[in-house]
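The chain contents come next:
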Amino acid sequence: MTSDTARTVPLTAETGRLRELVEGARHVLFDFDGPICRLFARHSAAAVARALEEWLRGQGLRLPSLGDGSPEGDPQAVLRAVHRRHPGSDLVAELEEVLTRHELRAVAGAMPTPYADPLIRTWTARGTRLAVTTNNSARAAAAYLTGRGLLGCFAPHLYGRTPELHRMKPDPYQLNRALRAWGAFPGSALMIGDTPLDLRAAERAGVPFLGYARTEEKEALLRGAGAEVTVRSLEPVLRILRLRGTAG
């Protein structure tokens, strides 16, 4: 076997697995920020994280250690860190609402993920049930999808952050809510996510997982966490759907 052939075999095997995942999905669970859009494309996530820290200082508090391997500048990591220190407190509830307001403001500058809109519409046209399962606010997801004319592809199945922050991914709570609402078996579904948290939630729910990695760094993180199938673009997913429609 030549070196070129050796490089081709894993790619071919993964392409076949991608086709199995896409063609086998009767229910698709989308993470929001990443697979559907870049929520903080113009409203910097790092700036939001700093704003949350500033809000905490205004309450006379310092940001606790993130302590979970999250990168600096992640607003949700700030929220999780405060929740771990002050679980169930009014402080956490207020901070969560501050983050939600920032997410809602970010919607105006959010950028659609390439191929996401036609992929969502194509899956819907084929009768596949779609849900959003996100650690962002469901209000922000609904606002974005409404602006793109896509809310009807998902509603009422928008499952976002709740006051019970311990149920954020990697907890499978949101995924299980969607499955129960549909009366669906986990094996009939597919989770599309872009972080190890998404992967862990899918594993715990028993749902097959497809990793979306916009950058090499994100792909390496997903691979390192154990994701078996990843794509750098949603275009091959859309192409599989369209070819399936032509064949049918």
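Procedures and definitions
- Residue numbers run consecutively from 1 along every chain, following the written order of its sequence.
- Totals for whole chains, interfaces and linings use all residues, but because this is a predicted model, local features are given only for residues with pLDDT of at least 70 and pairs of side-chain atoms are given and counted only at 80 or more.
- To get the side-chain values, all heavy atoms of the structure are used, and hydrogens and water are removed first.
- Helix and strand definitions here come from DSSP, where helices need a minimum of 4 consecutive H or I residues and strands a minimum of 2 consecutive E residues; each element is numbered from the N-terminal end.
- A simple rule labels every residue: compare its accessible area, found with a 1.4 Å probe on the protein chains alone, to the largest value its type can have, and call it buried under 20%, exposed over 50%, or partly exposed in between.
- Whether two residues touch is decided by their heavy atoms; if any such pair falls within 4.5 Å, the residues are in contact.
- Residue-level accessible areas treat just the shown protein chains as cover; the underlying method is Shrake-Rupley with a 1.4 Å probe.
- Positive: Lys, Arg. Negative: Asp, Glu. His and the chain ends are not part of the count.
- By convention, the point assigned to a charge is CZ for Arg, NZ for Lys, CD for Glu and CG for Asp.
- We call Phe, Tyr and Trp rings a pair once their centres come within 6.5 Å, taking the six-membered ring for Trp, and we label the pair stacked below 30 degrees between planes, edge-to-face above 60, and tilted otherwise.
- Any Lys NZ or Arg CZ found within 6 Å of a ring centre and within 35 degrees of that ring's normal is scored as a charge over the ring.
- Only residues whose relative accessible area exceeds 30% and that take part in no salt bridge are eligible for patches, with like-charged residues grouped when within 9 Å of each other and nonpolar side chains (Val, Leu, Ile, Met, Phe, Trp, Tyr) grouped when within 5 Å.
- Here, a salt bridge means any side-chain nitrogen of Lys or Arg that lies within 4 Å of a carboxyl oxygen of Asp or Glu.
- Orientation is described by axes fitted as lines to C-alpha atoms, over the contacting stretch for helices, and by angles from 0 to 180 degrees between their N-to-C directions.
- In what follows, roughly perpendicular refers to angles from 65 to 115 degrees, roughly parallel to angles under 35, roughly antiparallel to angles over 145, and oblique to any angle outside these ranges.
- For the purposes of this section, nonpolar cores are sets of buried Ala, Val, Leu, Ile, Met, Phe, Trp, Tyr and Cys residues that join through side-chain atoms within 4.5 Å.
- Strand pairing is defined by DSSP finding a minimum of two bridges between the two strands.

Draft legend 1. Looking closely at the overall build of the chain. The secondary structure content of the chain amounts to eleven helices and eight strands. Dimensions of the chain along its principal axes, counting C-alpha atoms only, are 60 × 45 × 30 Å. Expressed as a percentage of its 248 residues, the buried residues of the chain come to 48%. A separation threshold of at least 6 residues defines the contact pool for the chain, and within that pool the share at least 24 residues apart is 68%. Carbon and sulfur atoms form 52% of the exposed surface of the chain, whose accessible area is close to 11,800 Å². Of the side chains in the chain, 33 bear a positive and 27 a negative charge, and the two mean positions are spaced by 4 Å.

Draft legend 2. Region of the structure containing the packing of aromatic side chains. Tallied over the full model, the rule gives three aromatic pairs. One aromatic cluster is present, formed by F30, W123 and F154 through successive ring pairs. Here the basic side chain of R167 rests over the ring of Y173, its NZ or CZ set 4.3 Å away from the ring centre.

Draft legend 3. Structural context of a positive patch on the surface. A surface patch of like charges, here positive, comprises R26, R126, R242 and R244. With respect to the helices, strands and loops of the structure, R242 is situated in helix α11 (residues 235–247). Given the relative accessible area of 45%, R242 is considered partly exposed.

Draft legend 4. Broad picture of the packing of helix α3 (residues 75–85) against helix α4 (residues 90–106). Closest axis-to-axis distance for the α3/α4 pair is 10 Å, and the angle between their directions is 170°. If you check the angle between α3 and α4, you find them roughly antiparallel. Where α3 approaches α4, its residues P75, Q76, L79, V82 and H83 are matched on the opposing element by L91, V92, L95, E96, L99 and E103.

Draft legend 5. Quick peek at the packing of helix α2 (residues 45–58) against α3. At their nearest, the axes of α2 and α3 sit 8 Å apart, and the two run at 30° to each other. The pairing of α2 with α3 is recorded here as roughly parallel in orientation. Of the residues in α3, those touching α2 at A45, V48, A49, L52 and L56 are P75, V78 and V82.

Draft legend 6. Expanded view of the nonpolar core. Of all hydrophobic cores here, the largest spans 54 residues; its most connected members are F30, I36, W123, F154 and L210. With six residues, α4 is the largest single contributor of residues to this core. Not counting the four nearest positions on each side in its chain, W123 is found in contact with V22, V28, F30, T128, L130, L190, I192, V237 and L241. Core analysis: the next-biggest nonpolar cluster, separate from the first, contains 20 residues, Y159, L175, A205 and A225 among them.

Draft legend 7. Representation of the pairing of strand β4 (residues 129–133). A large share of β4 lies buried, amounting to four of its five residues. Direction of pairing for strand β1 (residues 27–30) relative to β4: parallel, over a ladder of four bridges. Each bridged residue has a counterpart across the sheet, and for H27 the counterpart in β4 is R129.

Draft legend 8. Highlighting the sheet that holds strand β5 (residues 158–159). Strand order across the open sheet formed by six strands is β5-β4-β1-β6-β7-β8, with parallel pairing between neighbours. Of all the strands in the sheet, the pair left with one neighbour each is β5 and β8 (230–231). Along the sheet face, helix α5 (residues 116–125) touches β1, β4 and β6 (189–193) and points at about 155° away from the line of β1.

Draft legend 9. The side chain of E103, seen in detail. Positionally, E103 belongs in helix α4. Residue classification places E103 among the buried positions, given a relative accessible area of 1%. If sequence neighbours within four positions are ignored, E103 has contacts with L39, F40, Q76, N136, S137, A140 and R161.

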